[in-house]
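Listed here are the chains, written in short residue letters.
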Amino acid sequence: MPEIATPATPGPELDVVDLLLEQHARIEQLFLLVIGGTGEVRRDAFDDLVKLLAVHETAEEEVVHPLARDLPGGGGDAMVDERLAEERQAKETLQTLIAGGVDADGFDTGIILLRDAVLTHARYEERYEFPLLRQHVPADRLRALATAVRAAEATAPTRPHPSAQTAKGNLAAGPALAVIDRVRDAMRKPSES
Ligand SMILES: [Fe+2]
Ligand SMILES: [Fe+2]
């Protein structure tokens, strides 16, 4: 049987749209774990969700939306403004949930509202924004942006040790905000391609 050229390894060839789509899927899974889970499983899943949402939405705010704003045929400003408003709203809801902790009275209702808002927001990005990027931004640029987003993600602190959490299961808002700042800083450094 003749040798067939092996396909490019998927890892390094992923572009920023692939990466963000993967994160959307992971975000959806984590919401399921938080909503369906109890005790430590729920707490850990919520912690992971907070971190991933912070990294993901910040990368979109810093890289993807500004890029999409200038593309032809996208309804540009209006579309991007709507996405940014949704992200702002989601962050506020998230901060409220973080402040109360997973055992707070309103958590169950709040997390479902947040899930619905975040997933609807993600569908809009997938339907209106990501196709524009694929259509108008050179493939090597989209791949370079994936590398930049991954590097920024790597600066995010890992889940705090269980002993660092209060008995209430509160997650401090501090680490989530630190993630946002670090990702923002990393994204603003001029990226090499
Ligand atoms: Fe987003
Ligand atoms: Fe997104």
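Our subject is the structure that appears above.
First, a word on what this report is: a plain description of the structure on this page. Here the structure is a predicted model, which means the values were calculated and not measured.

The subject of this paragraph is the packing of helix α2 (residues 16–36) against helix α5 (residues 107–136). Their axes nearest at 11 Å, the elements α2 and α5 cross at an angle of 170°. For the element pair α2 / α5, the angle class is roughly antiparallel. Where α2 approaches α5, its residues Val 17, Leu 21, His 24, Ile 27, Glu 28, Phe 31, Val 34 and Ile 35 are matched on the opposing element by Ile 111, Ile 112, Arg 115, Val 118, Leu 119, Ala 122, Glu 126, Phe 130, Leu 133 and Arg 134. Of the residues in the contact of α2 with α5, the class split is 13 nonpolar, one polar and four charged.

This next bit is on α5. Between its first and last C-alpha atoms α5 spans 41 Å; for 30 residues at 1.5 Å apiece the expected length is 44 Å, and the two agree. At Glu 126, α5 shows its strongest bend, of approximately 40°. Within α5, the full set of buried residues consists of Ile 111, Leu 114, Val 118, His 121, Ala 122, Glu 125, Glu 129, Phe 130 and Leu 133. Tucked into the core, α5 has its buried residues touching α2, α3 (39–69), α4 (76–100) and α6 (139–154).

Moving on, we come to the packing of α3 against α6. For the pair α3 and α6, interaxial distance at closest approach is 10 Å and the crossing angle is 135°. With respect to their mutual orientation, α3 and α6 come out oblique. Seen from above, α3 lies across α6 with right-handed handedness. Counted together, Val 55, Ala 59 and Val 63 of α3 and Leu 145, Val 149, Ala 152 and Glu 153 of α6 form the full contact between these two elements. In the contact of α3 with α6, the residues fall into six nonpolar, no polar and one charged.

Before going further, it helps to spend a moment on the nonpolar core. By size, the foremost hydrophobic cluster in this structure holds 36 residues, and its most contacted members are Val 16, Val 34, Leu 49, Val 50, Val 64 and Val 149. For this core, the elements supplying multiple residues, two or more each, are α2, α3, α4, α5 and α6. Counting residues per element, this core draws most heavily on α3, which supplies twelve residues. Residue contacts for Val 34: discarding those within four places in its chain leaves Arg 42, Ala 45, Phe 46, Leu 49 and Ile 111.

What counts and how
Residues numbered from 1 in each chain as written. Chains lettered and ligands numbered in written order. Predicted model: local features only at pLDDT ≥ 70, side-chain atom pairs only at ≥ 80, totals over all residues. Axes fitted to C-alpha atoms, helices over the stretch in contact; angles between N-to-C directions. Helix = DSSP H or I, 4+ residues; strand = E, 2+ residues; numbered from the N terminus. Parallel < 35°, antiparallel > 145°, perpendicular 65-115°, else oblique. Contact = placed C-beta atoms within 7 Å. Nonpolar A, V, L, I, M, F, W, Y, C, P; charged D, E, K, R; others polar. Expected span 1.5 Å × (residues − 1). Bend = angle between axes of the 7 residues up to and from the residue. Buried ≥ 20, exposed ≤ 12 C-beta atoms within 10 Å, placed from the backbone. Left-handed = near helix turned anticlockwise from the far one by under 90°. Core = buried A, V, L, I, M, F, W, Y, C linked by C-beta atoms within 7 Å.

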